[in-house]
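# Structure assessment
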Amino acid sequence: MDALVHSIQDLIFVFDVEGRFSYIHAAAPEQLLIDRHEALGKHYAQVLPGPLVAAFTAVFERVQQFHQVERFEYPLTLGTQPHHFHATVSPLINSNGQFEGVLSVNRNITEAKRAEVELQIAAAAFQTHLGILITDARGSILKVNDTFTRITGYSEAEVVGQKPRIFSSGRHNAALYRRLWKHVIKTGNWEGEIWNQRKDGELFPEWLTVSAVYSVEGTLTHYVATMSDISERKAAEQEIHQLAFYDTLTGLANRRLFMDRMGAALKELQRHQRCGALLIIDIDNFKQVNDTLGHYAGDQLLQSVARRMGKMLRDTDTLARLGSDEFAVLIEGIDSGVAQTTQLAERIAHKLLTTISEPIQLAEESIVVSGSIGITVMASNEYSEDDYLQQVDMALFQAKNSSRHRVCFFDPSMQATLLAHVKLEADLRQAQVDQQWQLYYQPQVNHCGAITGVEALLRWQHPERGMVSPGEFIPLLENSGLINDVGEWVLEEACNQLARWAQRPQLNELTISVNISPLQFRDEGFLNRVEGVFTRTQAPLCRLKLEVTESLFVEARDEAREKMLALKAQGVRFSLDDFGTGYSSLAYLAHLPLDQLKIDQAFVQQVLESKANAAIVESTIALAESLNLEVIAEGVENEAQQAWLLAHDCNAFQGYLFGRPATANAIEQLVLGD
Ligand SMILES: Nc1nc2c(ncn2[C@@H]2O[C@@H]3COP(=O)(O)O[C@H]4[C@@H](O)[C@H](n5cnc6c(=O)[nH]c(N)nc65)O[C@@H]4COP(=O)(O)O[C@H]3[C@H]2O)c(=O)[nH]1
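Sequence order sets the numbering: in each chain, residues are counted from 1 along the sequence as written. Owing to the predicted nature of the model, reporting of local features is limited to residues with pLDDT of at least 70; listing and counting of side-chain atom pairs is limited to 80 or more, with chain, interface and lining totals taken over all residues. Values shown for side chains rest on all heavy atoms present in the structure; no hydrogens or waters enter the calculation.

### Brief notes about the site of the ligand
Taken together, 22 residues form the shell around the ligand, and within it Gln442, Arg459, Gln601, Glu637 and Tyr656 come nearest. Polar contact is defined as a pair of N or O atoms within 3.5 Å, subject to the rule that within protein one atom must be able to donate a hydrogen and the other to accept it, and that residues adjacent in sequence are counted only when both atoms are side-chain atoms. Arg459 places a polar side-chain atom, nitrogen or oxygen, 2.9 Å from an oxygen atom of the ligand. Contacts to the ligand include Glu634, whose side-chain N or O atom sits 3.4 Å from an oxygen atom. For the accessible areas, the method is Shrake-Rupley and the probe is 1.4 Å, while residue cover comes only from the protein chains on display. Protein contact buries 82% of the 800 Å² of open area that the ligand shows by itself. Residues are counted as near a molecule or strand when any one of their heavy atoms sits within 4 Å of it.

Now the structure itself:
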């Protein structure tokens, strides 16, 4: 009997009515908290840990009171290991029906508990955001989770027993699947991107991991596949790629992608000695379309031009939009040499120009635009992408500035000229900072040869080049916007001179003519600047003449007239310079508040040689007379010219015959006859 009891794995305790241990069975002494002999006769509260005492007391009392079997579970640490027990506590009732104690049978359920927890974890893990599919060793589906159903549209019932190939998208060849299974067999798992098909037929990309499951004995029992639907991520990646490398308006490559392709083309050039050509295309009247028809029309224009050019080019060419109305074409991998590449690029450029200039229907209007193209041939890898872009920009600049050739090739001398321009512009900015300006004055005389006034002419005292002529730098001042500041300096200097001469009896009648560039005149702040100068210098304004040119009245002429009237009201007079060279309407000129017509030196110098020039000068003099304007001839170099002019009623002159431009001091000496 003892041997029988001894073989029972459960712990058996008998407690008397008071709760003292009267019998203890344990298969091994380590299953007990204290030694069996020591525990016998002790109250359970003296042996068990506090929390268990409380739980056991409640059970004990109920068993005693109701004479019923109670069951409960409790944790207990034996040695250092946590354990779980299940206790069945029964009342011990004697033959008289009296309660004599309790019998507690305690089973160690630690392993079962652990398995239960693991199962719970596994079940929770199975329901994750990843789709899970489990197959047997032959690949038949045994189980899938809810996420799998959400991703694929297949319920578990629909797929159990099937092979995973039912999800195949047809996008991958058999070799990929062979590689996949080979890898799983060799390493135990595989992961990668794969396209599958949902139940509704839609193909989608997923990130798939496949793992092989082996039994303890090492035999393959299952495959577990987890998958996540990456179609949204792929779409987002695609969108990011599109935004990063393509122009949103036209869908063409953007500057970044274009530069990448150029980099690749240059490498190709290095490896295989193949030439390439780079073209930059600019839509000449794009700004005008944008300003007059609005941005929407401008956008449509660009889209239309992009479409047409795209159709014209080959798939291997890269067409890109680099900036607002600037497109670029990269033609690469041309086997033939530089000469043939040049010819090919030119042919393509002309075709592009033709396609650009076909009429475009924008809303109600059909418009025609033109383009200009700069080309450079990429035949050497000693230049970088940026160098080639710079070259082609220069060629484009040249194409835009030449009225005849809308297509220009880059040539190195162009680079030298442009660099000189850039240097000159930088020098001009420095000239303004360092005030390297000087004002010279050229005498203007009447029919008796007496000096009545001067024309103020700007000089630039360049630190290295000496005196630079305004013909060279005025256009640059105009292009860079510096003309406003420099022009103000000229006016202030001339007005200060007038104010000084006003103090001197023999000089106080002299007038000064100041050249005003159309750009300066049109500037919004022009009147304010001029009035500032007048206030500061207190010059006698009736002796100030502003020389304007006909080109001022080509655009916004009413605005120009308004400004002239405002200045006229302060006593300022106006001279029309270079008369006869422009295209202004005489009828309009008659409406301007002018005081003087200046006959351009080109006519004056040819007056004796060319009948046509003589006729122009004669009619200018007649026109001045009829409009009641003074007339002055400039560029008079000899007495014969002066005599001719006098004979034709022109009584005011300027030119080398009477004096070259000189300093104010020199002019004063001339007037005073020193
Ligand atoms: N061959 C020849 N030339 C003569 C003769 N008499 C005068 N000249 C030159 O002809 C130009 C007359 O000035 P412009 O027609 O207003 O032409 C001026 C004017 O358009 C512009 N300019 C000069 N100073 C200024 C200025 O302060 N502001 C602006 N906006 N333009 C200026 O630069 C142009 C050239 O000025 P410059 O080189 O000083 O050249 C001056 C003068 O030196 C002559 O008998 N024969």
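Now that the structure is up, let's keep going.
### Here we look at helix H8 (residues 174-187)
In a regular helix each residue adds 1.5 Å, so 14 residues correspond to 20 Å; H8 covers 20 Å between its end C-alpha atoms and thus fits that length. Looking only at H8, the buried set comprises Leu176, Leu180 and Val184. What you see down the axis of H8 is that its buried residues fit within an arc of 70°, all on one side. Structural note: H8 exposes Arg178, Arg179, Lys182, Ile185 and Lys186 on the side pointing more than 90 degrees away from its buried face. For H8, the secondary structure elements touched by its buried residues are strand S8 (189-197), strand S9 (203-214) and strand S10 (220-229). Here a helix means four or more residues in a row that DSSP labels H or I, a strand means two or more in a row labelled E, and each is numbered from the N terminus. Taken from the residues just after H8, Gly188 is the one with a positive phi, measuring 100°. Expected helix span is given by 1.5 Å per residue-to-residue step, counting one fewer step than there are residues. The cut-offs for exposure are 20% and 50% of the maximum accessible area for each residue type, with area from a 1.4 Å probe on protein chains only; residues under the lower value are buried, those over the upper are exposed, and the others partly exposed. Note that the arc is defined by the directions from the helix axis to the C-beta atoms. Contact definition: two residues touch when any of their heavy atoms are within 4.5 Å.

### A look at the nonpolar core
Only buried residues count toward a nonpolar core. Its members are Ala, Val, Leu, Ile, Met, Phe, Trp, Tyr and Cys residues joined through side-chain atoms within 4.5 Å. Of all hydrophobic cores here, the largest spans 76 residues; its most connected members are Trp437, Val514, Leu544 and Phe553. The contact partners of Val514, leaving out residues within four places of it in the chain, are Ala456, Val490, Leu491, Ala494, Leu544, Lys545, Leu546 and Glu547. In this structure, Leu279, Ala297, Ile367 and Ile373 belong to the second largest nonpolar core, which totals 32 residues.

### Notes on the pairing of strand S1 (residues 11-16)
Counting buried positions along S1 gives five out of six residues, so the element sits mostly inside the fold. We treat two strands as partners when DSSP finds at least two bridges between them. Pairing of S1 with strand S2 (residues 21-25), which is carried by four bridges, proceeds in the antiparallel orientation. Following the sheet pairing, Phe15 is matched in S2 by Phe21. Hairpin connection from S1 to S2: four residues lie between these consecutive antiparallel strands, with Gly19 at a positive phi of about 100°.

### With respect to the packing of helix H19 (residues 526-537) against helix H20 (residues 557-568)
All axes are obtained by fitting lines to C-alpha atoms, using only the stretch in contact for helices, and the reported angles, taken between N-to-C directions, cover 0 to 180 degrees. The geometry of H19 relative to H20 is characterised by a closest axis approach of 11 Å and an angle of 15° between their N-to-C directions. By the angle class used here, H19 and H20 are roughly parallel. Note on packing geometry: the crossing formed by H19 with H20 is right-handed. For the pair formed by H19 and H20, the contact residues are Phe526, Leu527, Val530 and Phe534 on the first element and Lys563, Ala566 and Leu567 on the second. Its residues assigned to classes, the contact of H19 with H20 comprises six nonpolar, no polar and one charged. Oblique is the label for any angle not under 35 degrees, not over 145, and not in the 65 to 115 range, which are roughly parallel, roughly antiparallel and roughly perpendicular in turn. Handedness of a crossing is defined here by the sense of rotation of the near helix relative to the far one, left-handed for an anticlockwise turn of less than a right angle and right-handed for a clockwise turn. Gly counts as polar in this scheme, as do all residues outside two lists: the nonpolar Ala, Val, Leu, Ile, Met, Phe, Trp, Tyr, Cys and Pro, and the charged Asp, Glu, Lys and Arg.

### Quick look at the sheet that holds strand S16 (residues 371-378)
Picture the strands of a sheet paired through backbone hydrogen bonds; they go either parallel or antiparallel. Ordered by their spatial adjacency, five strands build an open sheet running S12-S13-S11-S16-S17, and the pairing between neighbours is mixed. Pairing within the sheet leaves two strands with one partner each, and these edge strands are strand S12 (318-323) and strand S17 (407-409). Taken pair by pair, the neighbouring strands of this sheet meet at an average axis angle of 20°, ignoring direction. Looking at chain direction, S16 and S17 are connected through three bridges and run parallel. For Ile373, the partnering residue across the bridge sits in S17 and is Val407.

### A word on the side chain of Arg321
Here Arg321 shows up in strand S12. Here the side chain of Arg321 touches Ser324 through a polar contact of 3.0 Å, landing on its backbone oxygen. When residues no more than four places from it in sequence are discounted, the contact partners of Arg321 are Asp247, Leu249, Thr250, Leu252, Ala253, Asn254, Arg255, Leu302, Glu326 and Phe327.

### Some details on the environment of Leu597
On the secondary structure map, Leu597 appears in strand S24 (residues 596-599). For the pair formed by Leu597 and Ala624, sequence separation is 27 residues and the distance between their alpha carbons is 6.6 Å.

### Remarks on the environment of Tyr588
By the element assignment, Tyr588 lies in helix H21 (residues 586-589). The class for Tyr588 is buried, based on a relative accessible area of 10%. Once residues lying within four places of it in the same chain are set aside, the contact partners of Tyr588 are Phe553, Arg557, Asp558 and Arg561.

### Side note on unusual backbone geometry
Keep in mind that most residues, glycine aside, have a negative phi and that most peptide bonds are trans. The phi dihedral of His67 falls on the positive side, at around 55°, and the residue is not glycine. By secondary structure assignment, the location of His67 is in the loop between helix H4 (50-66) and strand S3 (70-78). A relative accessible area of 37% places His67 in the partly exposed class.

### Things to note about the side chain of Ser513
Secondary-structure assignment places Ser513 in strand S21 (residues 511-515). On the accessibility criterion, Ser513 (0% relative accessible area) is buried.

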